[in-house]
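Reading the structure
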Amino acid sequence: MAKIFVDGTEYEVDEKKNLIDALKDKGVEIPHFCYHSKLSVVGMCRICLIEIEGVPKFQAACNTPIKDGMKINAFGEKIVKAREGVMEFLLINHPLDCPVCDKAGECRLQNYSFSLGHETTRYKEEKRNIPQEKIGTNLLINHNRCILCYRCVRFDREVVGVNDLEMLARGNDTIIAYTPPETSGEKSTYLNHNYQGALADICPVGALLNENTLFQSRVWWYESHESHCHGCSTLCKVTTNVKNNALYRYMPAQNPHADGFFICDYGRFSGKNFSENRLLHYAEAGAKTTSKQVLPALADKIASARSILVIGGGTESCDDVDQIAASINEWRAAGKQVKWDFRSSRNAFSKGNDHYDFLLSGDLRPNAKYLRDKGATELKDFDALQSEIRNADLVVVIGELSAPYAYHMNATSENHAHVAGLEIANAVEDTELFGSLESAAAWIKTALFTTHHDSATLRAALAIPMLAFPERAGRFVDKTGATKTTNSVLKPVQGLESPGQILVRLKTAARPTAGASA
Amino acid sequence: MATIQVHKKYAFKWYEKFYFMSISAGMWVTLKHFVKSAFLRRMVTVSYPEKKMPLSSRFRGLHRLKRNEKGQERCTACYCCQWVCPADAIQIVAAEVTPERQYLHPEDKYAKSFQVDLLRCIYCGLCEEACPKGAIYLDGGMPMPADSRDGLILDKAKMMETEGGAILGERN
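An account of the accompanying structure is given in this report. Bear in mind that the values here come from a model prediction, so they are computed numbers and not experimental data. (Residues numbered from 1 in each chain as written. Chains lettered and ligands numbered in written order. Predicted model: local features only at pLDDT ≥ 70, side-chain atom pairs only at ≥ 80, totals over all residues. Heavy atoms only, no water.)

With respect to the interface of chain A and chain B
Opposite the 13 residues of chain A that make contact, chain B presents 12 residues. Here chain A packs against chain B, burying approximately 1100 Å² in sum over the two surfaces, 61% of which is carbon and sulfur. Counting the contacts that link chain A with chain B gives 0 salt bridges. Counting every contact that joins chain A to chain B gives 2 residue pairs in polar contact (both at pLDDT 80 or more). (Contact = heavy atoms within 4.5 Å. Buried area = accessible area lost by both parts, 1.4 Å probe. Salt bridge = Lys/Arg side-chain N within 4 Å of Asp/Glu carboxyl O. Polar contact = N/O pair within 3.5 Å; in protein donor to acceptor, adjacent residues only side chain to side chain.)

Brief notes about the sheet that holds strand β6 (residues 133–136) of chain A
Residues and elements named next belong to chain A. Pairing is antiparallel across the open sheet formed by 3 strands, whose spatial order is β6-β7-β10. Each of the sheet's edge strands pairs with one partner strand only, and the pair in question is β6 and β10 (208–210). Geometrically, the sheet is characterised by an average inter-axis angle of 35° between neighbouring strands, direction not taken into account. In terms of strand pairing, strand β7 (residues 139–141) meets β10 through 3 bridges, oriented antiparallel. Along β10, the bridge assignment pairs L139 with N210. (Pairing = 2+ DSSP bridges. Helix = DSSP H or I, 4+ residues; strand = E, 2+ residues; numbered from the N terminus. Axes fitted to C-alpha atoms, helices over the stretch in contact; angles between N-to-C directions.)

Side note on the nonpolar core
Residue and element names in this part refer to chain A. By size, the foremost hydrophobic cluster in this structure holds 59 residues, and its most contacted members are F33, F155, L165, L199, L208 and F262. At the level of elements, α2 (77–90), α3 (108–115), β7, α4 (151–160), β9 (175–178), α5 (196–202), β12 (237–243) and β13 (246–252) are the ones that each hand at least two residues to this core. Sorting elements by how many residues they give to this core places α2 first, with 5 residues. Each residue touching L199, except ones within four places of it in the same chain, is listed here: L139, C152, F155, D156, L165, L191, H193 and L208. Grouped together as the second largest cluster of nonpolar side chains are 35 residues, I328, F342, V477 and L506 included. (Core = buried A, V, L, I, M, F, W, Y, C linked by side-chain atoms within 4.5 Å. Buried < 20%, exposed > 50% of the residue type's maximum accessible area, 1.4 Å probe, protein only.)

This is the structure:
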């Protein structure tokens, strides 16, 4: 620990940390654009200027090592004036388009312009005007707004590990550009890694924007709750952005130093368009009916089946998994042959614990570890899945074929950004499970617990609507074995239940009527 | 505590029971207006909608969306009016300006749909004040009657509709 003086007040700070971070821990916020705790220091923006006693010129706080007994003037008259000057330079080419900018409300430049800047500008010449470009599958760049803080370039190089953003030209003409790596065989037109949302997030101005959420809302309309991302078994802590009972995106947690600064696009946009096309009724062979028809029919099918194949459960919370396991044990006790599988799609086959990238786990089912502990087996390939389906008298699919999870299964880290939020309903038809059920002509013996209305619900013998992850709170066990809780961030649809609750109700369901036989 | 009787039924005098005074006082007003309008040509009503009363320059009526000097839409779908509207009458859907329609818009965001629900609107004029672009003004005159609820939802086409060309600049 080192003792430093800021404007005459003594602080005891951690000298191993960067000065900005160390002072932030003590509640002193030095303004900064280009500095980021997880990225290297460049000192591009100059807004963090401070005056150090004994040093003739102003120094950038991000680039100043902490020394014991250092006396800093951080908010004096002289230094505030200097920051005003820096602010004026930064705003020279920045257009006054906060009303149309998606970043407005979470924009550092906007905040500092209010707190540190001038009301007026002395700049009379024409501002530079470079047209907006699409540089990523889900990323736009507005060069006019860019203040060249170099954060995006550093993030791509140091965190993601790709060398595809670069600063081009010099002086007033400098722009950030996408430069596809030369070594790869075919040049890609767009940046396509899994952290385009994080790029837009760390951009301190509105230069990098996600196309996915472009112009759909203003940030101050979002209601935020703490939760955990449901996208994979990493289960990152996140803040939700909800408007009109629709989930728009996840944002990194409120306390990034403890819970991580970045989340991947895969999780970030996983709840997008979730509220559309929900399955709100029970269905029998695609026709709309009621629970009074479907549940007894299912109970009857279970009673008459000799071998049952249960697929899924990895998307459900621990309580639901417990309930599924209990039901399976009951069926086994009744002398039935029950097999419980999960992760039944090619992208998920035998991925185990490996990672797509530094955050996204190979295990795209959030509760996979808990399921494995409960005795569920993982299928290793497509043929195994098909033979399992052929041998079973009854196939119970829980969540595995509902559109958002199916989309999760289908998307790879390379193409997900392109798919994210769009056409998730079509994703169901591309899954291995859908293909297997189709080719084995097994729809007639399939009971489907699902969340969205899609082609699978039209085909399955019985379709049972259930609550989905944003609508209910639950415990999950991540890949390291830590228990994490997700919150109910959307108002649940009245009358829908979680698969666990439905299975409980199934036990008390009346004996089947004459019409509902397999 | 003693109760004080505040209300007491008024007892009519014998001549008041004929209501003669009250009726003649009322008829005098009627007669006055009859003489004014029939003989002195000082009409107190106009035959709407053929004739219209002149409105104050500050009158807040139907909403209109304005264009700038180049004839481009001023509205950039910033949602300020929707945000400030106390009656939740405004619904905007924003979209990105594509190069084909760039000539219609000064910025890169525009209102794909802009609806004002006149059944909800309370004509408070806060949207006028909130607009950073001077795009919306409540200077469209008296609200028009409609025969359905849909008819009372102003859309962009109706609000941009002008008599004799684009509406420019300030409130007219």
